[in-house]
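Overview (structure and organization)
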Amino acid sequence: MGDHVLESAHEIVVSGPDSNGQQFTAVPGSNGVLIHQPLAIGQEFPDVDACRRTLKEIAIGLHFEIRIVKSDRSRFIAKCSKEGCPWRVHVAKCPGVPTFTIRTLHGEHTCEGVQSLHHQQASVGWVARSVESRVRDNPQYKPKEILQDIRSQHGVAVSYMQAWRGKERSMAALHGTFEEGYQLLPAYCEQIRKTNPGSIASVSTGQENCFQRLFVSYRAAIYGFLNACRPLLELDRVHLKGKYLGMIFCAAAVDANDTLFPLAIAVVDVESDENWMWFMSELRKLLGVNTDSMPRLTILSERSAGMVEAVETHFPNAFHGFCLRYISENFRDTFKNSKLVNIFWNAVYALTAAEFESKVTEMVEVSQDVLQWFHHFNPQHWAVAYFEGLRYGHFSLGITEVLYNWALECHELPIVQMMEHIRQQMISWSNDRRNMGMRLTSILVPSAEKRISEAIADARCYKVLRANEIEFEIVSTERTNIVDIRSRVCSCRRWQLYGVPCAHAAAALISCGQNAQLFAEPCFTVHSYRETYSQMIYPIPNRSLWREAGEGTEGGGAKVDILIRPPKTRRPPGRPKKKVLRIESLKRPKRVVQCGRCHMLGHSQKKCSLPG
């Protein structure tokens, strides 16, 4: 009998004998090319499961359904599900070997095949195998996308639940189950310490050996922070939305070029005062005696109650400040008055106490309730005029966006794969920044160079009066400022706050022939930037090479052979409520510029249209 051609609304399929007389089926692939899938008497399969999978693929590709007549350890018999169709195959086990071979084959169809989009062989297992490569490349591959792609590529309709379960099964095959991830944590921590000596990696459990806490900090990050970064840390956390709930805690520094430098990462079962106290304790041990010789730390956070107590306990000498995004959102939501918010931002960036109090007076004229709000949010924790720590221009938490991205990218992954994703991203950042640092030929990093250039440009309109070798009087139309180039201070306080010379300092330095770039803090130099990324985060070997559980001890003294169970905070059934995080709300709030001549908002003195 000649070739059999089945033309449906979805695709054209050809079956029949090839040039060697063997039965074949040809199914259009995703690129439209016919894919030959030969079936012939004597054809072998590694095992009965491989045989079943092959026949299922052929049945779906040819749009006919098969019915299994017999399936056991020694044989597999299937036929076309349509009554009267002669298609039939008999596969039997070969003696003495695990393979199966086709003994009998009737490879022609006389039926019209499956006319609907639903197919009996399109099981969850088949869906999992069909999407495995896509899921490997994109863990965010959504069930809705899966069912759409299967329909367009295979002409088969599957339900949303089939697509969801198929993805779950495929993810488990690729990465292991969530439960296995927690069991692997002791061995994973051991691998971190082994491949990155000097790193800290520990896991601890709670009641019934359920996962409670994981803490990881790589030696490269510890070295970079202690030897090259400014004494500034951002603290924040984000919720995990995987099968088991939890939180990521992170402490991040800031490198010379104002980009984030993750120092320590923790995963905990819940956000609690106890877990914050533990995290800050681990962070204090990580820094060790080095903090005694470091400048006083400035820690920025949203200042939740548990976080505040933990910082005060383990870093009693640190300056702990509010994130301005958090404080401004609270102010905006409390008063819902755009005029008040505008004055508030002027108060935030006021450089002196007198300027701040003047803005507070303006706010009180609009609403007396402002004073009550100030009792709850002490300006010493957020106002530039009163905050004693050095923020270096960092007023909001940059780590927040990074954490949300991690949670979004990793919520489908078991905990070990999630930590590996974070480690690989840190390696990528380090490599890119290390290469950039080697290309720089200037004294300062680009962000500091830009600030100095702006200061030098603004300095041209100032009059400089030299008092002595180190003190200068800088005169402008708005006020007079005193600059001390030895102590590196200016009465406007910008030099002290940002770590690079302000316009008044630049005017003084230029007047005495000094290079303003040499008077920036060392943490802004290219040398510091290179030193930050001078150490490597080394790769961790494949999981198959890890030592079997039970062969040693965990770093904290706990036995590796303890079977860690998942946390009890399992995600509830149903679609979770989505919290929309607007990226624009994560950006650092812009400073409201006020003219020193006309005192109007929105432009500086240089661009003022009024005569001088």
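This text goes with the structure placed above it.
Throughout what follows, the structure given in this document is the object of discussion. Sequence order as written defines the numbering, with residues in each chain counted from 1. For a predicted model such as this one, the threshold for reporting local features is a pLDDT of at least 70, and the threshold for listing and counting side-chain atom pairs is 80 or more; totals across whole chains, interfaces and linings nevertheless cover every residue. Excluded from the side-chain calculation are hydrogens and water; included are all heavy atoms of the structure.

**Focus on the overall build of the protein chain**
Rules: A run of H or I in DSSP becomes a helix once it reaches four residues, and a run of E becomes a strand once it reaches two; helices and strands are each numbered from the N terminus. Any residue under 20% of the maximum accessible area for its type is buried, any over 50% is exposed, and the rest in between are partly exposed; the area is computed with a 1.4 Å probe on protein chains only. We call two residues contacting when some pair of their heavy atoms lies within 4.5 Å.
The helix and strand inventory of the protein chain stands at 20 helices and 20 strands. Taking all 612 residues of the protein chain together, the buried fraction comes to 48%. For the protein chain, long-range pairs separated by at least 24 residues make up 61% of all intrachain contacts whose partners lie at least 6 apart in sequence.

**Some points on helix α13 (residues 353–366)**
Quick reminder of the rule: To estimate the expected span of a helix, subtract one from its residue number and multiply by 1.5 Å. Each direction from the helix axis to a C-beta atom contributes to the arc, which is the arc of those directions.
A rise of 1.5 Å per residue sets the reference length of α13, with its 14 residues, at 20 Å; its end C-alpha atoms lie 20 Å apart and thus fit the reference within 8%. Among all positions in α13, only Phe356, Lys359, Val360, Met363 and Val364 are buried. Angular distribution of buried residues about the axis of α13 spans 145°; they occupy a single face of the element. Opposite the packed face of α13, turned more than 90 degrees from it, sit the exposed residues Ala354 and Glu365. For α13, the secondary structure elements touched by its buried residues are α11 (324–335), α12 (338–348) and α14 (369–376).

**Observations concerning the packing of aromatic side chains**
Put simply, the rule is: Any two rings among Phe, Tyr and Trp, with Trp reduced to its six-membered ring, count as a pair given centres within 6.5 Å; such a pair is stacked if its planes are under 30 degrees apart, edge-to-face if over 60, and tilted if neither.
All chains considered together, the criterion is met by 30 aromatic pairs. Aromatic side chains Phe356 and Tyr386 sit 5.2 Å apart centroid to centroid with 85° between the ring planes, which places their arrangement in the edge-to-face category. Of the two residues, Phe356 sits in helix α13 while Tyr386 sits in the loop between α14 and α15 (399–410), which places them 30 residues apart along the sequence. Here Trp373 and Trp382 contribute two aromatic rings whose centre-to-centre distance is 6.0 Å and whose plane-to-plane angle is 65°, an arrangement assigned as edge-to-face. Comparing Trp373 with Trp382, the two get one shared label, buried.

**Notes on the sheet that holds strand β8 (residues 88–93)**
How we decide: Note on pairing: two strands pair once DSSP finds at least 2 bridges between them.
Taken in spatial order, the five strands make up an open sheet running β5-β9-β8-β7-β6, and their pairing is antiparallel. A strand with exactly one partner marks an edge of an open sheet, and here the two such strands are β5 (44–45) and β6 (66–71). One ladder, built from two bridges, connects β5 with strand β9 (residues 100–106); its direction is antiparallel. Along β9, the bridge assignment pairs Glu44 with Thr101.

**Concerning the sheet that holds strand β16 (residues 319–322)**
Note the threshold: To get an axis, a line is fitted to the C-alpha atoms, and for a helix only the part in contact is used. The angle between two axes follows their N-to-C directions and goes from 0 to 180 degrees.
Taken together, the seven strands give an open sheet; going across it, the order is β10-β11-β14-β13-β12-β15-β16, and neighbouring strands pair in mixed fashion. Whereas interior strands pair on both sides, the edge strands pair on one side only; in this sheet they are β10 (200–205) and β16. For this sheet, the mean angle separating the axes of adjacent strands, direction not counted, is 20°. Both strand β13 (residues 245–254) and strand β14 (residues 260–268) contribute to a ladder of eight bridges, which runs antiparallel. Following the sheet pairing, Met247 is matched in β14 by Val268.

**Some details on the packing of helix α2 (residues 124–137) against helix α3 (residues 143–154)**
Test applied: Relative orientations are named as follows: roughly parallel for angles under 35 degrees, roughly antiparallel for angles over 145 degrees, roughly perpendicular for angles from 65 to 115 degrees, and oblique for any other angle. Throughout, the ten residues Ala, Val, Leu, Ile, Met, Phe, Trp, Tyr, Cys and Pro are labelled nonpolar, Asp, Glu, Lys and Arg are labelled charged, and all others, Gly among them, are labelled polar.
At a closest axis distance of 11 Å, the pairing of α2 and α3 adopts a crossing angle of 100°. On the basis of the axis angle, α2 is roughly perpendicular to α3. Of α3, the residues touching α2 (which contributes Trp126, Val127, Ser130, Val131 and Arg134) are Ile146, Asp149, Ile150 and His154. In terms of residue class, the contact of α2 with α3 is made up of five nonpolar, two polar and two charged.

**Notes on the nonpolar core**
This is how it is decided: We define a nonpolar core as any set of buried Ala, Val, Leu, Ile, Met, Phe, Trp, Tyr and Cys residues linked to one another through side-chain atoms lying within 4.5 Å. Domain delimitation in this document rests on an assignment produced automatically or drawn from a domain database.
Phe279, Met363 and Trp382 are the most contacted members of the largest nonpolar core, which totals 93 residues. Counting contributing residues, this core receives three or more from each of domain 3 (175–322 + 398–442 + 561–566) and domain 4 (443–523). Core analysis: the next-biggest nonpolar cluster, separate from the first, contains 59 residues, Ile60, Val254, Val416 and Ile540 among them.

**Here we look at the environment of Pro446**
On the secondary structure map, Pro446 appears in helix α17 (residues 446–459). Looking at Pro446, the relative accessible area reads 35%, which means it is partly exposed. Discounting chain neighbours no more than four positions away, the residues touching Pro446 are Asn257 and Leu440.

**Considerations on the pairing of β13**
Where burial is concerned, most of β13 is hidden: nine out of the ten residues are buried. Across eight bridges, the pairing between strand β12 (residues 232–241) and β13 is antiparallel. In the sheet register, Leu235 faces β13, and the bridge partner there is Ala251. Remark: three residues form the turn of the hairpin made by β12 and β13, two consecutive strands paired antiparallel.

**Some thoughts on the environment of Cys410**
Note on placement: Cys410 falls in helix α15. Accessibility expressed as a relative area gives 2% for Cys410, which makes it buried. Remark: the alpha-carbon pair of Cys410 and Ile422, spanning twelve residues in sequence, is separated by 8.8 Å. If sequence neighbours within four positions are ignored, Cys410 has contacts with Gln140, Met418 and His421.

**Topic: α14**
Of the positions making up α14, those classed as buried are Val370, Trp373 and Phe374. Summarising the axial view, the buried residues of α14 lie within an arc of 100°, below the 170-degree limit, and thus occupy one face. Turned more than 90 degrees away from the buried face of α14, the exposed residues are Asp369, His375 and His376. Buried residues belonging to α14 abut α11, α12 and α13.

**Examining the environment of Phe472**
Within the fold, Phe472 resides in strand β18 (residues 471–475). When the C-alpha positions of Phe472 and Val483 are compared, they lie 5.1 Å apart, and in sequence the two are eleven residues distant. Non-local contacts of Phe472, meaning those with residues more than four positions away in its chain, are made with Val464, Leu465, Arg466, Ala467, Asn481, Ile482, Val483, Ile485, Ala508, Ser511 and Cys512.

**Here we look at the pattern of salt bridges**
To keep things clear, this is the line we draw: Definition used for salt bridges: Asp or Glu carboxyl oxygen within 4 Å of a side-chain nitrogen of Lys or Arg.
Here the structure, examined in full by the defined rule, presents 16 salt bridges. Here Lys243 makes a salt bridge to Glu179, at a shortest N to O gap of 2.8 Å. In this pair, Lys243 sits in the loop between β12 and β13 while Glu179 sits in helix α5 (residues 178–183), placing the two residues 64 residues apart along the sequence. Owing to a relative accessible area of 23%, Lys243 belongs among the partly exposed residues under this scheme.

**Regarding unusual backbone geometry**
Located in the positive-phi region is Lys336, a residue other than glycine, with phi close to 50°. Looking at the secondary structure, you find Lys336 in the loop between α11 and α12. Phi is positive for Arg488, which is not a glycine, with a value near 60°. Following the sequence through the fold, Arg488 ends up in the loop between β19 (480–484) and β20 (489–490).

**Considerations on the packing of α11 against α14**
Note the following rule: The sense of a crossing depends on the near helix, which, turned anticlockwise from the far helix by less than a right angle, makes the crossing left-handed and, turned clockwise, makes it right-handed.
Relative to each other, α11 and α14 sit at 145°, their axes nearing to 12 Å. For the pair α11 and α14, the sense of crossing is right-handed. Each of Ile327, Asn330, Phe331, Thr334 and Phe335 in α11 lies in contact with α14, whose residues at this interface are Asp369, Val370 and Trp373.

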